[in-house]
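These are the residues of each chain, in order.
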Amino acid sequence: MLERYEEALAWGERALHEMPNYGSSHRVVIMALIKLNRLDEAQAAARRLMKGFPTYTLTLQRQINPWLDEVFAERYVEALGISGVPE
């Protein structure tokens, strides 16, 4: 939310190392990679997310959105979509 994407990526990767099946960590990594213009890596991260959570979609994310900040929530969903997460 603070747009510190290098830091978010580092923490997301650390979280995935400790808990590789935690979906939120995958999504943090994806958003950070998109915002850092690392599209190929973001697409690979999205494929890993979808392998572990094959029913996850952008529609589902919008339904379970935990943020009151709607601007951030839409940036988040947009980044996931760019990476290849299905609608």
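The notes below deal with the structure included here.

What counts as what
Residues numbered from 1 in each chain as written. Predicted model: local features only at pLDDT ≥ 70, side-chain atom pairs only at ≥ 80, totals over all residues. Heavy atoms only, no water. Salt bridge = Lys/Arg side-chain N within 4 Å of Asp/Glu carboxyl O. Buried < 20%, exposed > 50% of the residue type's maximum accessible area, 1.4 Å probe, protein only. Helix = DSSP H or I, 4+ residues; strand = E, 2+ residues; numbered from the N terminus. Phe/Tyr/Trp six-rings, centres within 6.5 Å; stacked < 30°, edge-to-face > 60°. Core = buried A, V, L, I, M, F, W, Y, C linked by side-chain atoms within 4.5 Å. Contact = heavy atoms within 4.5 Å.

Observations regarding the pattern of salt bridges
Then step 1. Tallied over the entire structure, the rule returns five salt bridges.
Then step 2. Between E41 and R38 there is a salt bridge; the shortest N-O distance is 2.8 Å.
Then step 3. E41 sits in the partly exposed class, given a relative accessible area of 38%.
Then step 4. Residue R38 is classed as partly exposed on the basis of its relative accessible area, which comes to 27%.
Then step 5. Between E87 and R62 there is a salt bridge, with the nearest N and O atoms lying 2.5 Å from each other. Of the two residues, E87 sits in the segment after α5 (70–83) while R62 sits in helix α4 (residues 58–64), which places them 25 residues apart along the sequence.

Let's talk about the packing of aromatic side chains
Then step 1. For the coordinates displayed, the defined rule picks out three aromatic pairs.
Then step 2. Ring centres of W67 and Y76 lie 4.4 Å apart, and the angle between their planes is 65°; on these two criteria the pair is classed as edge-to-face.
Then step 3. Assessed through its relative accessible area of 5%, Y76 is described here as buried.
Then step 4. Centre to centre, the rings of F72 and Y76 are 5.8 Å apart; their planes meet at 35°, and the pair counts as tilted. On the criterion of helical spacing, the pair formed by F72 and Y76 is a turn pair, its members being four residues apart in helix α5.
Then step 5. Note on F72: relative accessible area 6%, which makes it buried.

Remarks on the nonpolar core
Then step 1. Formed by 22 residues in total, the largest nonpolar core has its most connected members in V29, I30, M31, L33, Y56, L80 and V85.
Then step 2. Elements with a minimum of two residues in this core: α1 (5–18), α2 (23–35), α3 (39–52) and α5.
Then step 3. Residue contributions to this core peak at six residues, all from α2.
Then step 4. If sequence neighbours within four positions are ignored, L80 has contacts with R27, I30, Y56, L58, Q61 and V85.

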